[in-house]
Amino acid sequence: MSEQRTVTITVDGREIEAVEGEMLHDAARKGDVEIPVFCYEPKLGDPVGACRMCLVEIEGIPKLQTSCSTPVRDGMVVHTRTEQVKHAQSAVVEFLLVNHPLDCPVCDKGGECPLQDISMGWGPGRSRVIDEKRHFQKPVELSPLVAIDRERCILCYRCVRFSQEVSEDAQLQLLERGDRTFVGTFDDRPYVGPFHGNITDICPVGALTNYTYRFRARPWDIEQAGSVCTLCPSQCNVAFTIRDEKVKRVLARDNSEVDDGWLCDRGRYGFEMFEAEERVTEPRLKGGVKTDWQAAIARAAEGLKAAGAGKVAALVGDASNEEGLLVQRLLREALDSPHIDSRRSGGAGRETIVALSQPSLTAKVRDIDGADAILVLGTDPLHSSPILDLRVRKAIRRNGAKLVVATERPTALDGGAEAIARYAPGEAAHFVGELTKALGGEETVATPLAETLKDAGKVVVLWGERIAGAAQGALLGLADALKVGETEGAGLLEIPDFANARGLREAGCLPDAGPGLSEVAAGKSAEEIRAALEAKEIEGLVLVGVDPLRDFPDTPAWTEALNAAKFIVAFSTFETATAAKADVLFPLETHAEKDGTVTHPDGRLQRVRPSAERPGDIRPGYLALSEIAEALGLETGVYSQPTAFAALTAAVPFYGAISDEMIGGQGVRWQETEAAAKAPTAGAGGTASSDALSRRVSAETAPPALSGTEGSGLLLGTYRDLWAGPITELNPPLKFLQPQQRLEISLADAEGLGLASGDTVRVGQNGSSVEAEVLVKERVPEGVCFLAEGVAPGNANALLNGGPVRVEIEKLSEVSA
Amino acid sequence: MADPRETRVLLDKAEDPALATLEGYKRLVGGYATLEKAYRSMEQDEILKELEDSGLRGRGGAGFSMGKKASFLPRGEMQKYLCCNADESEPGAFKDRELMQRNPHQLIEGITIAALAADAGHAFIFIRGEYDAQADILDRAVAEAYEAGYLGKNILGTHRDLELVVHRGAGAYICGEETALLDALEGKRGNPRLKPPFPAVQGLYGGPTLINNVETLSNVPRIVANGAEWFRQFGTEQSPGTKVVSISGAVRRPGNYEISLGMPLRELIYGLAGGPEAGHEVKAFYPGGSSSPVLTPAELDLPYSFEAMAEAGSMLGSGSIIVADDRVSIPHMALRTARFYHHESCGKCTPCREGTNWTVKMLERVIRGEATPMDLDIISSVQQNIMGHCLCVLGDSMAMPVSAMVNKFRDEFEEVIANAGASLGEEELLPILQGAPA
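Residues numbered from 1 in each chain as written. Chains lettered and ligands numbered in written order. Predicted model: local features only at pLDDT ≥ 70, side-chain atom pairs only at ≥ 80, totals over all residues.

Undergrad: Just to check I follow, could you spell out the domain arrangement of chain A for this structure?
TA: The parts lose accessible area when they come together, and the size of an interface is often stated as this lost area. All names here are of chain A. With domains assigned, chain A is organised as domain 1 (6-81), domain 2 (132-273), domain 3 (284-345 + 500-678), domain 4 (350-495) and domain 5 (714-813). Between the C-alpha centres of domain 2 and domain 5 the distance comes to 32 Å. Residue-level contacts link ten residues of domain 2 with nine residues of domain 5. (Domains from an automatic or database assignment. Contact = placed C-beta atoms within 7 Å.)

The structure is reproduced here in structure tokens:
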């Protein structure tokens with residue numbers, strides 16, 4: 001990227017410093033000169049200059065120019081309030097209102113409508129139009145979630161550009177021509193896409209409204225509360241629209257370091273589950289008996305104590321950093337038990353984690369924008385961290401980044417990839433090793449990928465936690481081969497399974513690492529905890545925001561393990577099969593209610609702020625954990641969010657320089673604070689360089705290919721579907737998206753097994769089986785099939801057992817022709 | 001037969017059907033000799049200089065110097081394109097149709113030489129879908145030219161390549177706008193793009209692109225063959241060359257006439273085209289297609305040149321004169337004009353989309369008598385609000401003539417308002433009302 005030059009321009013008599021080449025509209029705003037716009041939205045790509053609202057006078061140019069599309073030059077003199085400009089802008093407002101119904105009193109946008117604001121500020125103030133306006137049927141369903149009122153539409157076509165240039169689904173189109181133009185889809189089909197709600201945010205009029213918000217509130221009834229969505233690791237910044245202490249709407253809150261101002265439909269429409277019947281709203285004892293907090297805490301403390309020192313384990317999932325810190329203190333300090341994990345499918349030891357978390361190896365989200373090449377490895381961002389899917393598309397579309405995909409299952413990003421590799425389930429580590437070798441010049445299966453990646457310059461690797469168990473060490477070798485450590489703007493970015501995975505690990509929720517990834521006496525990992533429960537070596541279990549019976553591999557074994565546990569304390573947002581096994585069940589807050597910090601996979605600490613009232617008798621999780629610890633004789637000093645946060649920054653050395661003010665509304669990456677140097681370095685005693693370590697680790701962990709021919713049946717790969725779980729099961733607006741179990745199978749295998757799309761089959765492995773509908777997919781490799789995790793019924797976790805498994809497929813019924 | 005007052009250069013020998021064949025083109029007018037000369041012995045800069053010195057102005061409407069435009073293309077190794085705009089859609093214009101129909105090889109030769117000047121390796125002729133017969137003729141001619149080695153790889157053994165594709169449009173007026181043409185050619189919805197970047201810098205598929213009208217490119221072979229000085233012997237200082245003028249409307253001999261620019265309008269309209277039928281006089285005329293502000297008989301003695309038309313507050317545009325005689329109702333002509341642009345507005349930018357629609361509604365009210373003179377002020381003001389505020393010139397194309405008509409014939413508009421219904425027969429009123437949007 002070329003150096004940015006600062007230039008000075010004059011707008012309405014005031015001098016403004018601007019970056020050369022930036023659009024005049026943006027530069028003027030820095031000088032507090034507002035130029036009205038409708039179509040201009042830099043997030044959507046290049047300006048289109050369609051609405052003509054931002055016409056201004058530039059000295060030396062006879063015609064008025066659109067400020068949205070005029071790059072600034074040094075010495076430019078601009079006038080935005082001359083008679084000529086006022087006349088033009090007022091004319092454009094008048095034109096926009098020629099066909100606009102002006103039904104503001106019954107329009108949801110009324111009061112927060114750019115068209116209203118600009119009409120008031122720049123319009124003529126009275127209408128000369130007495131002719132009939134255009135009419136459409138209204139409102140009509142653009143999708144089950146979004147209503148479109150085509151009479152209100154001013155055809156800025158922001159929504160169409162979003163569909164075509166941001167989410168790239170190309171479903172929205174401008175149909176017809178001239179003043180008959182309208183926004184629609186081919187053949188009036190519903191607009192379906194995981195990001196489509198964004199069009200309601202960017203619509204500058206009341207043409208696109210959410211069914212979940214229509215007629216629910218007016219702007220003077222509501223408050224906006226800024227927070228962070230923790231439904232996935234993207235941790236997008238959101239603003240909750242609150243009326244009567246309840247969430248009525250979720251809006252994107254632009255943070256270019258995190259979400260680029262977009263929000264997926266999970267985050268946007270997932271809020272109605274906060275009010276679900278299944279919500280746990282007070283402490284309960286076994287059998288669902290409601291109890292009060294004091295009794296619950298006493299019972300929990302008592303039960304855990306009875307399990308015995310060293311014989312309690314904890315699993316942490318959806319929790320804040322503060323909650324994570326307190327769980328591990330409860331375990332390690334109050335119960336003298338080191339068995340704590342925050343990973344569902346294992347992972348490398350502390351040393352590798354420390355090496356991977358070196359600031360020099362970590363990519364930040366913004367690095368994706370400037371990357372020369374992007375490697376998506378063992379994850380499908382669309383399902384696991386949706387907003388990064390858009391970010392990768394943006395990097396390719398706008399900045400010409402080259403994409404390389406290496407996964408088990410076809411991904412949503414395949415279409416834009418220069419090279420794609422499919423490895424068999426369980427082969428991730430081997431593949432990473434082969435890729436590393438290929439980058440070193442050897443001819444391997446990964447050579448086509450290496451061709452694009454080597455000498456690419458800045459490479460960003462997005463890798464999924466699901467390959468961590470086997471391949472985390474190999475990743476260091478890959479990082480070394482790609483020279484990401486030495487390259488500014490390059491790095492690895494993990495897409496973990498849990499939203500706050502990084503924060504929990506750094507808060508000490510790992511079996512062999514304490515707060516700040518410090519060295520501690522090693523405890524058991526999730527997998528070992530399960531075995532130890534079955535073997536009665538561990539008797540007490542604390543579950544915070546995890547649902548092993550839905551989310552962890554090997555459901556039968558986890559059922560055994562939970563049944564074998566003597567005493568379970570669970571913190572859960574909803575009633576789940578796991579929660580039903582708890583002896584004491586505490587409610588968990590949602591991200592609309594919680595107060596605490598989370599850490600983005602790129603190291604950014606963000607604050608989740610309480611926005612809505614907690615239903616029933618819910619109390620903060622950190623308070624409950626602190627009180628249990630105190631009942632067990634451990635004085636935590638945590639009584640409030642500030643004290644909890646202070647405890648966190650005291651315990652995690654590299655969080656030490658971070659204050660609540662620094663986190664502010666946009667968060668702060670710990671790597672960019674002065675305490676970053678306090679991060680542990682790789683190797684014993686913190687002396688070995690990460691380079692040396694990575695070479696060593698890579699040499700160790702490039703396992704040979706698993707023998708692909710062993711056993712019969714197809715190799716099973718699994719993935720977490722974007723829509724699996726409470727988000728669709730307990731959330732009425734998204735219920736229609738609830739995924740059913742589908743067996744994805746290749747053309748050849750389907751033929752071999754006599755299967756066709758739509759057939760019902762039983763997929764079995766070692767006594768367990770699930771039912772699924774067959775979906776023959778061209779891009780599925782031969783010999784492999786895929787099932788989704790977390791869906792009900794038919795959760796694929798029932799078939800997994802820690803390693804690659806082969807499944808037998810039995811046809812139950814054929815699809816009717 | 002050519003009228004002796006004409007100066008036939010582009011239409012030389014056009015009456016001979018054999019001219020449309022490669023053999024005829026070579027035999028009758030010495031065709032493709034210039035291509036041989038240019039490809040074998042001329043440098044890019046030489047051709048550019050000749051074109052620039054000739055002062056050839058674009059014949060598509062804007063009248064920009066063709067040589068200058070070609071010189072704007074960046075130099076260097078990259079894919080560059082040449083597009084011939086054959087989407088002649090302006091009401092009143094039909095000169096390109098004749099040029100392509102009668103002498104397709106002249107255009108192809110022009111394209112090959114212009115491609116050399118622009119260093120373009122790919123050329124397209126974007127022809128409006130309605131010109132089906134002409135597209136067929138072009139297809140045949142292009143095939144002949146490929147066959148003869150004037151197109152394709154290694155033209156005349158000079159190691160230069162040029163691919164030429166005839167692309168048929170799907171029939172939207174806006175696709176004649178150069179950037180909309182590019183979008184349509186790329187397979188997108190034909191909407192104008194924001195300028196800058198201009199096509200010369202970033203055009204088709206993002207590459208530098210030279211876009212010229214059929215007539216402009218047809219002029220190229222002779223300019224390069226005979227030199228700039230030869231070309232400048234025709235026309236005026238600022239409007240050199242000959243021009244094929246389409247004259248239609250209330251004249252006795254409508255058709256295309258190739259003249260030396262600067263001929264008095266009276267000679268064009270009354271002389272060549274024969275003027276209105278006996279007993280009738282010219283009331284108004286569009287001097288440069290339906291988008292040009294109308295002129296009145298007072299301006300009939302002006303020379304027909306780019307500069308004189310601009311001075312008179314109108315434009316030469318594509319060189320298409322539509323004549324209205326004293327039997328024509330100007331308000332109806334205004335409505336007809338406005339309806340065309342309303343129908344063809346792409347809808348991308350606000351002033352054009354809403355302005356054309358609003359203007360049509362107001363003019364309909366005028367004609368129905370449901371207006372007051374104040375509405376005429378609003379109509380005028382709306383035209384002012386459109387002009388200069390749009391993304392492309394389509395909005396202005398309606399605003400300019402409508403504005404001129406309302407201003408120059410205001411009495412007639414007021415009369416129509418006052419006598420609506422009375423002055424119109426039922427058969428005239430009905431189509432107007434039926435045509436109105438529901």
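Still to come is the rest of the account.
Undergrad: Whenever I open this one, the nonpolar core confuses me. Can you help?
TA: Generally speaking, nonpolar side chains in soluble globular proteins are found buried as a group. Core analysis: the largest hydrophobic core is formed by 398 residues, its most contacted members being A:Val327, A:Ile374, A:Val459, B:Cys84, B:Ala114, B:Leu268 and B:Phe285. When sequence neighbours within four positions are dropped, the list of residues in contact with B:Cys84 reads B:Leu107, B:Ile111, B:Ala123, B:Phe124, B:Ile125, B:Phe126, B:Asn212, B:Val214 and B:Leu217. (Core = buried A, V, L, I, M, F, W, Y, C linked by C-beta atoms within 7 Å. Buried ≥ 20, exposed ≤ 12 C-beta atoms within 10 Å, placed from the backbone.)

Undergrad: Help me understand helix α17 (residues 526-534) of chain A, please; the structure alone is not making it clear to me.
TA: Given 3.6 residues per turn, any residue in an α-helix points the same way as the ones three and four places further on. Residue and element names in this part refer to chain A. Of the positions making up α17, those classed as buried are Ala526, Ile529, Arg530 and Leu533. Taken down its axis, α17 places every buried residue within 100° of arc, on the same side. Looking at the buried residues of α17, the elements they touch are β16 (312-316), β17 (339-341), β25 (540-544) and α19 (555-564). (Helix = DSSP H or I, 4+ residues; strand = E, 2+ residues; numbered from the N terminus. Arc of directions from axis to C-beta.)

Undergrad: I tried to follow the packing of helix α7 (residues 293-307) of chain A against helix α20 (residues 621-631) of chain A on my own but got confused; where do I start?
TA: Each pair of packed helices can be summarised by the angle the axes make with each other and by the distance between the axes. Residue and element names in this part refer to chain A. Viewed as axis vectors pointing N to C, α7 and α20 meet at an angle of 55°, and their least axial separation amounts to 9 Å. Relative to α20, the element α7 is oriented oblique. Between α7 and α20 the crossing geometry is right-handed. Contacts between α7 and α20 involve Ile297, Ala298, Ala300 and Ala301 from the former and Ala624, Glu627, Ile628 and Ala631 from the latter. (Axes fitted to C-alpha atoms, helices over the stretch in contact; angles between N-to-C directions. Parallel < 35°, antiparallel > 145°, perpendicular 65-115°, else oblique. Left-handed = near helix turned anticlockwise from the far one by under 90°.)

Undergrad: Can you help me understand the interface of chain A and chain B in this one?
TA: Taken together, the contacts link 26 residues of chain A with 25 residues of chain B. Among the residues making up the side of chain A that touches chain B, the classes are represented as 15 nonpolar, five polar and six charged. (Nonpolar A, V, L, I, M, F, W, Y, C, P; charged D, E, K, R; others polar.)

Undergrad: Sorry if this is basic, but what is going on with the sheet that holds strand β36 (residues 805-813) of chain A here?
TA: Strand-to-strand pairing in sheets goes through backbone hydrogen bonds, with the strands running parallel or antiparallel. Residue and element names in this part refer to chain A. Strand order in the closed barrel made by the six strands is β31-β35-β32-β34-β33-β36, with mixed pairing throughout. Sheet twist, expressed as the average angle between the axes of neighbouring strands with direction ignored, equals 45°. Pairing of strand β31 (residues 714-720) with strand β35 (residues 784-789) involves six bridges; the strand directions are parallel. Across the sheet, residue Thr718 finds its bridge partner in β35, namely Leu787. (Pairing = 2+ DSSP bridges.)

Undergrad: Got a minute to help me understand the domain arrangement of chain B in this structure?
TA: Residue and element names in this part refer to chain B. What the domain assignment lists for chain B is domain 1 (17-232), domain 2 (242-325) and domain 3 (330-435). Of the residues lining the interface, nine residues belong to domain 1; the matching set on domain 3 comes to seven residues. Here the side of domain 1 that touches domain 3 is composed, by residue class, of seven nonpolar, one polar and one charged.

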